[in-house]
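Fold and contact review
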Amino acid sequence: MEKENNPVYDRNTIEFVAVALEFCNFVETAAGKSLAGFVDKATKLLPLLYLKACLLPDVEADEDAEPEWSVTEKMYESVRNKLAVLLGEYDSYLETFHPDMQYSDAPIAAFISENLADVYQDTGNFVALFREGNEEAMREILAVCKENFRTYWGGRLLNALKALHAVRYNEDANLDTHEDEE
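Residues numbered from 1 in each chain as written. Predicted model: local features only at pLDDT ≥ 70, side-chain atom pairs only at ≥ 80, totals over all residues. Heavy atoms only, no water.

What follows concerns the overall build of the chain. Each helix and strand in the chain was counted, giving 6 helices and 2 strands. For the chain, the succession of helices and strands along the chain, N to C, is α-α-α-β-β-α-α-α. Out of the 182 residues belonging to the chain, those deemed buried represent 42%. Pairs at least 24 residues apart make up 77% of the contacts formed inside the chain by residues separated by at least 6 positions. Put simply, the chain shows about 10500 Å² of open surface, and 49% of that area lies on carbon and sulfur atoms. (Helix = DSSP H or I, 4+ residues; strand = E, 2+ residues; numbered from the N terminus. Buried < 20%, exposed > 50% of the residue type's maximum accessible area, 1.4 Å probe, protein only. Contact = heavy atoms within 4.5 Å. Areas by Shrake-Rupley, 256 points an atom, 1.4 Å probe, with all protein chains shown as cover.)

Below, the structure written as structure tokens:
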């Protein structure tokens, strides 16, 4: 297939790769950031990641292909734990779009750290397979990533963004105070 007609080399795919890589590096190194710095950058990076994922070209997945995942459970937990520690009391929020919410009288708690780790899992797998340069694998992971964005992690990203927005603009949060304590 010619490069100009190949979705793997589409401008939107390449731009998504760049933003996904930046996101992965950002969450992997979260432990070294201040809370205010993390929240500030996350509220700027997450909308960009969402936009770039929306613009990914449509690719049909090969039903028989099974890509090799590189993000292990240990890596997922490491990222989730780093984020949970950094976010501290701001990690949890009330989930309003949970499917069980309509049947529940009690609020359902969710966690920014878990949402971002879920996004990291798919984007990390995507970036790792793209780095290998195997065009067939790149095409497959592109299809899988776009479908998973549509059905799962896109919503998780938006939930985390909404919660981070509340933290960033909550006058009671006073993130600058937390930054001084570090």
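Next comes the rest of the description.
This next bit is on helix α2 (residues 35–54). Under the 1.5 Å per step criterion, the end-to-end length of α2 is 28 Å for 20 residues, consistent within 8% with the ideal 28 Å. Those residues of α2 that sit buried are L35, A36, F38, V39, A42, T43, L45, L46, L49, K52 and A53. (Expected span 1.5 Å × (residues − 1).)

Direction vectors running N to C along α2 and helix α5 (residues 135–168) enclose 155 degrees, while the axes themselves pass 10 Å from each other. Judged on the interaxial angle alone, α5 and α2 are roughly antiparallel. In this structure, the crossing between α2 and α5 has a hand that is left-handed. Residues F38, V39, D40, A42, T43, K44, L46, P47, L49, Y50, A53 and C54 of α2 form the contact with α5, whose participating residues are K146, F149, W153, G154, L157, L158, L161, L164, H165, V167 and R168. Considering only residue class, the contact of α2 with α5 consists of 16 nonpolar, 3 polar and 4 charged. (Axes fitted to C-alpha atoms, helices over the stretch in contact; angles between N-to-C directions. Parallel < 35°, antiparallel > 145°, perpendicular 65-115°, else oblique. Left-handed = near helix turned anticlockwise from the far one by under 90°. Nonpolar A, V, L, I, M, F, W, Y, C, P; charged D, E, K, R; others polar.)

A separate point is helix α3 (residues 73–87). Here α3 contains 15 residues, and its C-alpha end-to-end distance of 21 Å stays within 8% of the 21 Å for a straight helix at 1.5 Å per residue. Of the positions making up α3, those classed as buried are Y76, V79, L83, L86 and L87. All buried residues of α3 fall inside an arc of 105 degrees around its axis, so they share one side. Exposed side chains of α3 directed beyond 90 degrees from the buried face belong to E73, K74 and V85. On the buried face of α3, the contacting elements are α1 (11–28), α2, α4 (112–132) and α5. Immediately beyond the C-terminal end of α3, within one or two residues, lies G88, with a positive phi of roughly 50 degrees. (Arc of directions from axis to C-beta.)

So, on to the environment of R80. Among the secondary structure elements, R80 is positioned in helix α3. Owing to a relative accessible area of 23%, R80 belongs among the partly exposed residues under this scheme. Those residues in contact with R80 that sit more than four places away from it in its chain are S113, E114 and A117. Polar side-chain contacts of R80 include one of 2.8 Å to the side chain of E77. (Polar contact = N/O pair within 3.5 Å; in protein donor to acceptor, adjacent residues only side chain to side chain.)

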